[in-house]
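This is what each chain is made of:
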Amino acid sequence: MQDLAVDADQGWNEVPHLIRCGRTLGDPWESLFGPLRPSSVVVGQLGQSLDGRIATEPGQSTLINCPEGIAHLHRLRALVDAVVVGAGTVRADDPQLTVRRVAGPNPVRVVIDPRGTLPAESRAFAADGVHRIVITRQQCRSIDGGIEMIALPDTDGRIEPSAILDALQDRGLRRILVEGGAHTVSTFLSAGCLDRLHLTVAPMILGAGVTGLDLPPTALRVPMRAHTLGSDVLFDCDLRSGESAGR
Ligand SMILES: NC(=O)c1ccc[n+]([C@@H]2O[C@H](COP(=O)([O-])OP(=O)(O)OC[C@H]3O[C@@H](n4cnc5c(N)ncnc54)[C@H](OP(=O)(O)O)[C@@H]3O)[C@@H](O)[C@H]2O)c1
C-alpha cells in the first residue's frame, strides 16, 4: 500500500495540467490519479467510517476523514471538469465545492435539485467566477444570479443519471466527480454510470448516522488499489472491470 502522506505535495502543482494534456504523472500521483487521465471519465467518491457511515447522526460529514483524506477530495476536484452533488448534500453541509486546500482550478459546480427547493444563498451557488449548473425537472423555478438551469425529464421524480452526464458532456464537461451524497453516488453507481469509485475509509466507528452506499442486492467484486492517506485508507475501485461474484 502506497503512503501518499509521505510525499504529500511533491510535484502536485503540475498534476492538474498534466492530466488535462493526457500526459503521464510523476510519482507518487500516477498510480492514484493516472486512471482519471481519459478525457471522459466519471468517478464517484465517498468518505466513510469503518461501519459505513458517511455522516454523523445530525448529518455532519466533515468530521470523518483526516486532513490528508480531505486534501485528496480537493485534489479530485482539481482534476475534473465538473463536480456533482445532490440536493441533500447542499441542505446538510452547504459545501463550497472548491479546491481551497490544494493548488489547481476549481471545477464547474453541478447541483441536482429536481424540485428547485434549494436557497439561492447556498454556497455552491456563490458567484465566484466558477460556472454553476442546477439540474432540475422540467417546469421548475429558476434561480437568479447567472446560474445555468438544465431541465431534464424525470420518471416519478428520478432523473436518469445518464441524461445528466449527457447534458454535461454536451457542454464539454467530460471528466466528472460525483461527490455525494449517498443517494446520488448510489444512483449513479447502480445506473452503471461510474467508471471508478474512490472510497476513503477512516478508522472510526460511528454506530449511527447516514449510511453510505445503498444499492439493490448485488455481489460485485471489483479490482481495487489501496492507498494510505494519513490515517485513512483509500480504496480506488475500477468499476469497469468488475465481474459479478453472485453465484
Ligand atoms: N462523507 C462524504 O463523502 C459525503 C459526501 C457528500 C455528502 N455527504 C453526506 O451525505 C448526506 C446527504 O446524502 P443524501 O443521500 O441524503 O443526499 P444527496 O445524495 O446529496 O441528495 C439526494 C437528493 O438529490 C436529488 N437527486 C440526486 N440524484 C437525483 C436524480 N438522479 N434524480 C432526481 N433527484 C436526484 C434529490 O433531491 P430532492 O431531495 O430534492 O428530491 C435527492 O433526494 C449528508 O449528511 C452529507 O453530509 C457525505
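Residues numbered from 1 in each chain as written. Predicted model: local features only at pLDDT ≥ 70, side-chain atom pairs only at ≥ 80, totals over all residues. Heavy atoms only, no water.

J.: When you look at the overall build of the protein chain in this model, what are you seeing that I'm missing?
T.: Check the secondary structure of the protein chain and you find six helices and 14 strands. The C-alpha radius of gyration of the protein chain comes to 17 Å, within 12% of the 18 Å expected for a compact globule of 247 residues. Structurally, the protein chain occupies a C-alpha span of about 50 × 45 × 35 Å along its principal axes. Counting the 247 residues in the protein chain, one finds 49% classified as buried. In the protein chain, the proportion of contacts linking residues at least 24 apart, taken out of those at least 6 apart, comes to 66%. Working note: accessible area of the protein chain is about 11,500 Å², and carbon and sulfur atoms make up 49% of it. Counting 24 positive and 29 negative side-chain charges, the protein chain places the averaged centre of each group 2 Å from the other. (Helix = DSSP H or I, 4+ residues; strand = E, 2+ residues; numbered from the N terminus. Rg over C-alpha atoms; globule rule 2.2 N^0.38 Å. Buried < 20%, exposed > 50% of the residue type's maximum accessible area, 1.4 Å probe, protein only. Contact = heavy atoms within 4.5 Å. Areas by Shrake-Rupley, 256 points an atom, 1.4 Å probe, with all protein chains shown as cover. Lys, Arg positive; Asp, Glu negative; His and termini not counted. Charge placed at Lys NZ, Arg CZ, Asp CG, Glu CD.)

J.: Would you take a moment to explain the pattern of salt bridges for this structure?
T.: Where charged atoms of side chains with opposite charge meet at close range, the side chains can pair. Applying the stated rule across the entire model yields eight salt bridges. For Arg171, the salt bridge identified is with Glu148, shortest N-O distance 2.7 Å. Placement of Arg171 in the loop between α5 (161–170) and β8 (175–180) and of Glu148 in strand β7 (residues 148–152) is noted, with a sequence separation of 23 residues between them. Here Arg171 falls in the partly exposed class, since its relative accessible area comes to 37%. Here Glu148 falls in the partly exposed class, since its relative accessible area comes to 23%. Of the charged contacts in the structure, one is a salt bridge between Arg158 and Glu160, with a shortest N-O distance of 3.4 Å. Judged by relative accessible area, which is 38%, Glu160 ranks as partly exposed. (Salt bridge = Lys/Arg side-chain N within 4 Å of Asp/Glu carboxyl O.)

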